[in-house]
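Residue-level structural notes
Below, each chain spelled out in residue letters.
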Amino acid sequence: MNTTLTNGLMQRANTLFPGLLVAVIIALASRFVAEHYGAPAMLLALLFGMSLNFLGSEARTRPGIDFGSRQVLRLGVALLGVRISADMLGVLGWDVIGLVVAGVGATIGFGLLSSRLFGFRYRFAFLSSGAVAICGASAAMAIAAILPKDDRSEERLIFTVVGVTLLSTVAMILYPVLAQFMGFDDRTTGIFIGATVHDVAQVVGAGFSVSEETGNVATLVKLLRVVMLAPVVIIAAMVIRAAAGGGEVGGKRPPLVPHFVMGFIGLAALGVAGLLPAGVTAAASEGSRWLLLIAIGSVGLKTLPKDILNVGTTAALFLVAETAFLALFIVVGLTALAP
């Protein structure tokens, strides 16, 4: 029995190795270019993958690429949970926490309610608004993992990742200037940046470009939005499960709580309880970054560049509208909270 199991595992590893190796090389190249030239690593991994998309249809590489875009993705999202700590909740205060949580919910609601005006249905509406509201590309990949699949699932995910990454980079440059124009102090600027910029890396860049206090506050607020990933995905999975009835394939219903979300919640709970050693937290957080890079590289390998163009200009305007709504909501909220 052990020999049979070992042989099966070896055969599975040999099948997956070529495609996964390509995705790992893409992740390494993306990280290298990002660290030396300042470009977003996620966007680079996506573009590098798309430039090699012919490998996505090759018999030798396709199994590993499919594995990277699904299982590796789920593991990377689960490991995001280690970034959550109890200190985050104590430093911000309940008024700020309430504003950030309300901003996430309102933005998703805005996306779902306004999607028909732009000609979209709930899949792209939830995918894009969830990415804008929570944590950019990471949220987009987590949400895509629970949405029912159709022939346009990959291109919607690719477009959303590209869109939120580009908008996040623009926001990283513009939002500190906007906060100064509105007369925000360093702490308020940190709250504004952390609550509105999509991706973690751009939040850190924008925050610390103002001051150390702004950077620290922005990072904490951003992590609070990451916390919202779990309840949003769970609620969405429950709704989709109830609506799907028969499920995607062969009558199987989607799980009530996806396993990767359970992993996220479990690691977050351990982090809040202070049960994770600093070394484990650092290693898991870094591992999450690498796994998500490998996953988005795999998604790029499965995508033709023309697929992004098929989504259209209207989709870009929809993403911009969601981004503007979130920024406006947070500005109004911060103004209302000001003494």
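Throughout what follows, the structure given in this document is the object of discussion. (Residues numbered from 1 in each chain as written. Predicted model: local features only at pLDDT ≥ 70, side-chain atom pairs only at ≥ 80, totals over all residues. Heavy atoms only, no water.)

Let us look at the nonpolar core. Counting 105 residues, the largest nonpolar core has Phe192, Leu229 and Phe260 as the members making the most contacts within it. Apart from the residues lying within four places of it in its own chain, the contact partners of Leu229 are Val77, Leu80, Ile134, Ala139, Ala142 and Phe264. (Core = buried A, V, L, I, M, F, W, Y, C linked by side-chain atoms within 4.5 Å. Buried < 20%, exposed > 50% of the residue type's maximum accessible area, 1.4 Å probe, protein only. Contact = heavy atoms within 4.5 Å.)

Applying the stated rule across the entire model yields 4 salt bridges. Between Asp66 and Arg62 there is a salt bridge, and its shortest N-O distance comes to 3.7 Å. Of this pair, Asp66 and Arg62 both sit in helix α3 (residues 62-79), 4 residues apart, roughly one helical turn. Look at Arg62 and you get partly exposed, because its relative accessible area is 43%. Notably, a salt bridge pairs Glu286 with Arg289, separated by 3.3 Å at the nearest N-O pair. Here the residue Glu286 and the residue Arg289 both occupy positions in helix α14 (residues 278-301), the gap between them amounting to 3 residues, near one helical turn. (Salt bridge = Lys/Arg side-chain N within 4 Å of Asp/Glu carboxyl O. Helix = DSSP H or I, 4+ residues; strand = E, 2+ residues; numbered from the N terminus.)

Let's shift gears to the packing of helix α8 (residues 153-181) against helix α16 (residues 313-337). In the contact formed by α8 and α16, the axes pass within 10 Å of each other and the chain directions differ by 45 degrees. With respect to their mutual orientation, α8 and α16 come out oblique. The way α8 lies across α16 gives a crossing that is right-handed. Two secondary-structure elements touch here, α8 through Phe159, Gly163, Val164, Leu167 and Tyr175 and α16 through Ala315, Ala316, Leu319, Val320, Thr323 and Ala327. For the contact of α8 with α16, a count of residues per class yields 9 nonpolar, 2 polar and no charged. (Axes fitted to C-alpha atoms, helices over the stretch in contact; angles between N-to-C directions. Parallel < 35°, antiparallel > 145°, perpendicular 65-115°, else oblique. Left-handed = near helix turned anticlockwise from the far one by under 90°. Nonpolar A, V, L, I, M, F, W, Y, C, P; charged D, E, K, R; others polar.)

Further remarks concern the packing of aromatic side chains. For the structure on display, the rule yields 9 aromatic pairs. Aromatic side chains Phe325 and Phe329 sit 6.2 Å apart centroid to centroid with 35 degrees between the ring planes, which places their arrangement in the tilted category. Here Phe329 and Phe325 lie together in helix α16, a separation of 4 residues that amounts to about one turn. Residue Phe325 is classed as partly exposed on the basis of its relative accessible area of 24%. Members of the aromatic cluster, each reached through a chain of ring pairs, are Phe118, Phe120, Phe124, Phe159 and Phe318. (Phe/Tyr/Trp six-rings, centres within 6.5 Å; stacked < 30°, edge-to-face > 60°.)

Glancing now at a nonpolar patch on the surface. Judged by side-chain polarity, Phe17, Leu21 and Ile25 come together as a nonpolar surface patch covering roughly 290 Å² of accessible area. If you trace the backbone, Phe17 turns up in helix α1 (residues 2-37). Exposure remark for Phe17: the relative accessible area of 51% places this residue in the exposed category. (Patch = residues over 30% accessible without salt bridge, like charges linked within 9 Å, V, L, I, M, F, W, Y side chains within 5 Å. Areas by Shrake-Rupley, 256 points an atom, 1.4 Å probe, with all protein chains shown as cover.)

The next thing to look at is helix α13 (residues 259-272). For α13, spanning 14 residues, the distance from its first C-alpha to its last is 20 Å, which sits close to the expected 20 Å at 1.5 Å a residue. Among the residues of α13, Phe260, Val261, Phe264, Leu267, Ala268 and Gly271 are the ones counted as buried. For α13, the angular spread of the buried residues around the axis is 130 degrees, confining them to a single face. Immediately beyond the C-terminal end of α13, within one or two residues, lies Gly274, with a positive phi of roughly 75 degrees. (Expected span 1.5 Å × (residues − 1). Arc of directions from axis to C-beta.)

Interpretation note: all reported values are geometric properties and have no functional meaning in isolation.
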